[in-house]
Amino acid sequence: MVNGNKVKIGVIGAGNIGGVHIEQFSKLSDQCEIIAVTDANQLLAKEKAAQYSIPNVTSTPEQLIQRDDIDAVIIGVPNQFHAPLAIAAIEAGKHVLLEKPMGISGEAARGIVKASESSDRVVMVAHQMRWESVSMQIKEQIDRGELGKIYTAKAGWFRRKGIPGWGTWFTRMDQSGGGPLIDIGVHMLDLALYLMGNPKPVSVFGATYAEFGPNKKGIGTWGKPDWNGIYDVEDLATALIKMEDGSSLSLEVSWAIHMDTDNTPFVHLMGTEGGASYKGATGKLLTEKFDRPIDTVISKPENDEGERIRLSRHFLTCIQEDKQPITSVLSGYTNNLILDAIYESSRTGHEVILNWDMSK
Ligand SMILES: NC(=O)c1ccc[n+]([C@@H]2O[C@H](COP(=O)([O-])OP(=O)(O)OC[C@H]3O[C@@H](n4cnc5c(N)ncnc54)[C@H](O)[C@@H]3O)[C@@H](O)[C@H]2O)c1
């Protein structure tokens, strides 16, 4: 508890993911209390406040951030607002749980890193896939050394027909920073790097394509389309990321593709002693013994409480016990640097060497 009391929370954004956070944190009422909510759409904020008995609705995020009765802020708004709101919250002395991607760009993410460096607050990025049962079971085996050295990995997520909110902020470069790469690719990148043991990425070669969105094809069910809106992001991205220790990661994601895909996110890890495959709710551990391939199936237990509640609890525990979250600002920044480099590589046609100089 913060000073022996429950963590007092304010939620910025009452849309899809804001609603999910409100639902999850409401379940942890022994550790926290939601004090206020805000959204540019005030009606939505009022609806959530009424549904979850949240006592205050503020007109603006700034008003919420400045409240003395709030310890921690959850930010679930379009990507362009992540950095300005996170920085304002950190500077106001609040702990922050920030939706992915950490920033709309590497530059925006750098601003968050700098603000958090001169603060002792917990700043955590919401990557719930690290908290999924199957990925946690794989991580446990990796930590026991069962895979040996992981020298290469393949991660991705092919959605066959899944463009979200065509024409809304999702498909506008200035508001989202990109298409499936920054939307779902960032989750896969984050999970793969974490399971690989956070090797330092040094170079990137990538390509992106927009073959569906501009023709109003490949439309999915997430978000309501605005047919008068703009679509200027990619709908497929592919990249090879090389690490300082010689290991490599291939990343492929789509919102829309003509491919026989089961729409399941995946990470395949190839180690010297064994391998591991994460495929959402199921996975496999792979090795060779007695001159034969041995596969061990892993799955999510039936009574699993869920990754999002574990993520929420981790945030509160980090605040209460003064610990660093596993999805730190540095991991968020690393993801943003790589995403920027993939887009740049696609634009220029060349390999991009990552620039780790934080002064720029
Ligand atoms: N971790 C996950 O699984 C996951 C899933 C979905 C979305 N997200 C992330 O969450 C964020 C929001 O996505 P979403 O699907 O909830 O979008 P959404 O469009 O459903 O909701 C966004 C909400 O933010 C409000 N808003 C916009 N600008 C605002 C501002 N300046 N101040 C206050 N409110 C503002 C909008 O009115 C809207 O209600 C994005 O960054 C997205 O990448 C994460």
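Residues numbered from 1 in each chain as written. Predicted model: local features only at pLDDT ≥ 70, side-chain atom pairs only at ≥ 80, totals over all residues. Heavy atoms only, no water.

Q: Kindly report on the sheet that holds strand 11 (residues 266-271), identifying the contributing residues and their values.
A: Across the sheet, 9 strands lie side by side as 14-13-12-11-7-10-9-8-15; this open sheet has mixed pairing. Each edge of the sheet is formed by a strand with only one pairing partner; in this case those strands are strand 14 (292-299) and strand 15 (352-353). Of the pairings in the sheet, the one linking strand 9 (residues 236-243) to strand 10 (residues 248-254) comprises 7 bridges and is antiparallel in character. Considered in strand 10, the bridge of Ala237 is made with Val253. Helix-sheet contacts for helix 8 (residues 180-195) involve strand 7 (150-158), strand 9, strand 10, strand 11 and strand 12 (275-279), and the interaxial angle to strand 10 is about 150°. Contacts from helix 10 (residues 329-348) reach strand 8 (201-209), strand 9, strand 10 and strand 15 within the one sheet, and its direction differs from that of strand 8 by about 50°. (Pairing = 2+ DSSP bridges. Helix = DSSP H or I, 4+ residues; strand = E, 2+ residues; numbered from the N terminus. Contact = heavy atoms within 4.5 Å. Axes fitted to C-alpha atoms, helices over the stretch in contact; angles between N-to-C directions.)

Q: Kindly report on the site of the ligand, identifying the contributing residues and their values.
A: Of all residues adjacent to the ligand, which total 23 residues, the nearest are Ile17, Asp39, Asn79, His82 and Gln128. The backbone of Ala40 places a nitrogen or oxygen atom 3.1 Å from a nitrogen atom of the ligand. Within the side chain of His187, one N or O atom sits 3.5 Å away from a nitrogen atom of the ligand. Protein contact buries 85% of the 850 Å² of open area that the ligand shows by itself. Most atoms of the ligand, that is more than half of them, are within 2 Å of grid points of the largest pocket. Residues that form the shell around the ligand fall into these classes: 11 nonpolar, 8 polar and 4 charged. Residue assignment places the shell around the ligand across two domains, with domain 1 (7-121) and domain 2 (132-305 + 337-353) each supplying three or more. (Near = heavy atom within 4 Å. Polar contact = N/O pair within 3.5 Å; in protein donor to acceptor, adjacent residues only side chain to side chain. Areas by Shrake-Rupley, 256 points an atom, 1.4 Å probe, with all protein chains shown as cover. 1 Å grid on protein atoms, 1.4 Å probe; cavity = no way out; pocket = protein on both sides within 12 Å on 5 of 7 lines; lining within 4 Å. Sits in = over half its atoms within 2 Å of the grid points. Nonpolar A, V, L, I, M, F, W, Y, C, P; charged D, E, K, R; others polar. Domains from an automatic or database assignment.)

Q: Requested: an account of the layout of surface pockets, with residues and values cited.
A: Roughly 1000 Å³ of volume is contained in the largest pocket. Along the walls of the largest pocket sit 46 residues, with Asn16, Ile17, Gly76, Trp169 and Phe170 positioned nearest its centre. Mapped onto the lining of the largest pocket, the elements with two or more residues apiece are helix 1 (16-26), helix 4 (82-91) and helix 8. In terms of residue class, the lining of the largest pocket is made up of 20 nonpolar, 19 polar and 7 charged. Reported here for the second largest pocket is a volume of approximately 280 Å³. In terms of lining, the second largest pocket is formed by 20 residues, of which the most central are Gly106, Leu339, Asp340, Ala341 and Glu344. Counting only elements with at least two residues in the lining of the second largest pocket, the list comes to helix 5 (106-117), helix 10 and strand 15. Grouping the constituent residues of the lining of the second largest pocket by class yields 10 nonpolar, 5 polar and 5 charged. (Points joined across faces, edges and corners; volume = space filled by probe spheres on them.)

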